[in-house]
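Close look at the chain arrangement
Here is how the chains run, residue by residue.
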Amino acid sequence: MKFIYFLIIITLSLFSQSALSKTTKTLSEILSFQDSYECNDKFPHHSYCKAVQFSAWSEQDKKLVKGKLDQLERMAPAGMLDHFKDTLLKSAGKKLYRVSYSARWYVNRLERKTYFSRNFTRPLLWVDPLTKVIGFMDHFFDREDFQDPSAPIDKRSLNIFHELVHAFDIANGHISTNDHFQKAVGWYWTGEDHEIKGIDHQKLKADFDKYLAIAKEGDREKSYQLMRQAGMKLGLPSLYSAFNSHECFAEFLTYYVFDPKAKDYMNDEVKKVLDDILLGKEI
């Protein structure tokens, strides 16, 4: 009997260590740098590699990204990212690539193939929901970095986490479209478009364009600060949060984790839903 009891204790101990090892992996250990990507005649079609233009990582660029990942690890409240990291660990969307462009996709029903074309918009980095690629654009490394006006962390680190939230969202079957999250934020269908209750979307988009023009004129830090401050006054992390539910989810979860003031401008229902999501509870 004592022998059986001893075996149970050992088994439970090993199980606990195994469970703990999952949540103690860091973002740097979970995510991997990939120097190439294979396309084929079916999926992803050769047009994807041609559109995106993958290239090898330089040691300098890898060092910069790893430093940002380690900073995110240090800045996140203890235990808050355990389920988030476990989800990434089990998902296909944990590979980091260097790219020159992003891509659009379209389905050719006659050929039963998905083709890709080059997208000339210039995000700093992006996540492709079809291929699960996390792509770092060339100018992610060229543009100036600066501190967030509310969170004690830099903009590029927040950009990285925002995209990791997209990967987390995809791995969860697009939890961003969950009714509980959308209701908590206030999303509804006007009959013509999705909007957030209590917000004048025409004014919001006009303000967004005005602040975006400041970035195009060269003052990206001022543009970003104005968008953040204007969003926070509306109960949002940023004006960008109101453009669609996917970006809304990525913005809300990013700033909920890293902005100590997020609890002041986010409503109680949103905070409850985000807590449940971070704990891995069904919502």
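You'll find the structure just up there.
Now for a quick tour of the structure. (Residues numbered from 1 in each chain as written. Predicted model: local features only at pLDDT ≥ 70, side-chain atom pairs only at ≥ 80, totals over all residues. Heavy atoms only, no water.)

A closer look at the state of the cysteines
Using the following cut-off: Here, two cysteine sulfur atoms that lie within 2.5 Å of each other are counted as a disulfide. Numbering of helices and strands starts at the N terminus; helices are DSSP runs of H or I of at least 4 residues and strands are runs of E of at least 2. Categorising residues by exposure relies on relative accessible area from a 1.4 Å probe, with only protein chains included: less than 20% of the type maximum marks a residue as buried, more than 50% marks it as exposed, and the intermediate range marks it as partly exposed.
As enumerated under the stated definition, the model contains one disulfide in all. Across the disulfide from cysteine 39 sits cysteine 49; the S-S distance is 2.0 Å. Between cysteine 39 and cysteine 49, the S-S torsion sits near 90 degrees, and that sign places the bridge as right-handed. Pair noted here: cysteine 39 is in the loop between β1 (32-34) and α3 (46-52) and cysteine 49 is in helix α3, with a separation of 10 residues, a long-range link. A relative accessible area of 13% places cysteine 39 in the buried class.

A word on the packing of helix α5 (residues 82-90) against helix α6 (residues 155-171)
This is how the line gets drawn: Lines fitted to the C-alpha atoms define the axes, with helices restricted to the stretch that makes contact. Angles between their N-to-C directions range from 0 to 180 degrees. Comment on the angle field: the value is read as roughly parallel under 35 degrees, roughly antiparallel over 145, roughly perpendicular from 65 to 115, and oblique elsewhere. The sense of a crossing depends on the near helix, which, turned anticlockwise from the far helix by less than a right angle, makes the crossing left-handed and, turned clockwise, makes it right-handed. The contact criterion used throughout is that any non-hydrogen atoms of two residues lie within 4.5 Å. Only Asp, Glu, Lys and Arg are considered charged in this grouping, and only Ala, Val, Leu, Ile, Met, Phe, Trp, Tyr, Cys and Pro are considered nonpolar; every other residue, Gly among them, is considered polar.
At a minimum axis distance of 9 Å, the contact between α5 and α6 shows a crossing angle of 65 degrees. In terms of orientation, α5 lies roughly perpendicular with respect to α6. The handedness of the crossing between α5 and α6 is left-handed. Residue-level inspection shows His83, Phe84, Thr87 and Leu88 of α5 in contact with α6, the latter providing Phe161, Leu164, Val165, Ala167, Phe168 and Ala171. Here the contact of α5 with α6 is built from residues that sort into eight nonpolar, two polar and no charged.

A few points about the environment of valine 127
Its location among the elements puts valine 127 in strand β6 (residues 125-127). Residue valine 127 is classed as buried on the basis of its relative accessible area, which comes to 15%. Residues valine 127 and valine 165, spaced 38 residues apart in sequence, show a C-alpha to C-alpha distance of 9.6 Å. In this view, valine 127 contacts Val133, Ile134, Glu163, His166, Ala167 and Ile170; residues no more than four positions away in its chain are not counted.

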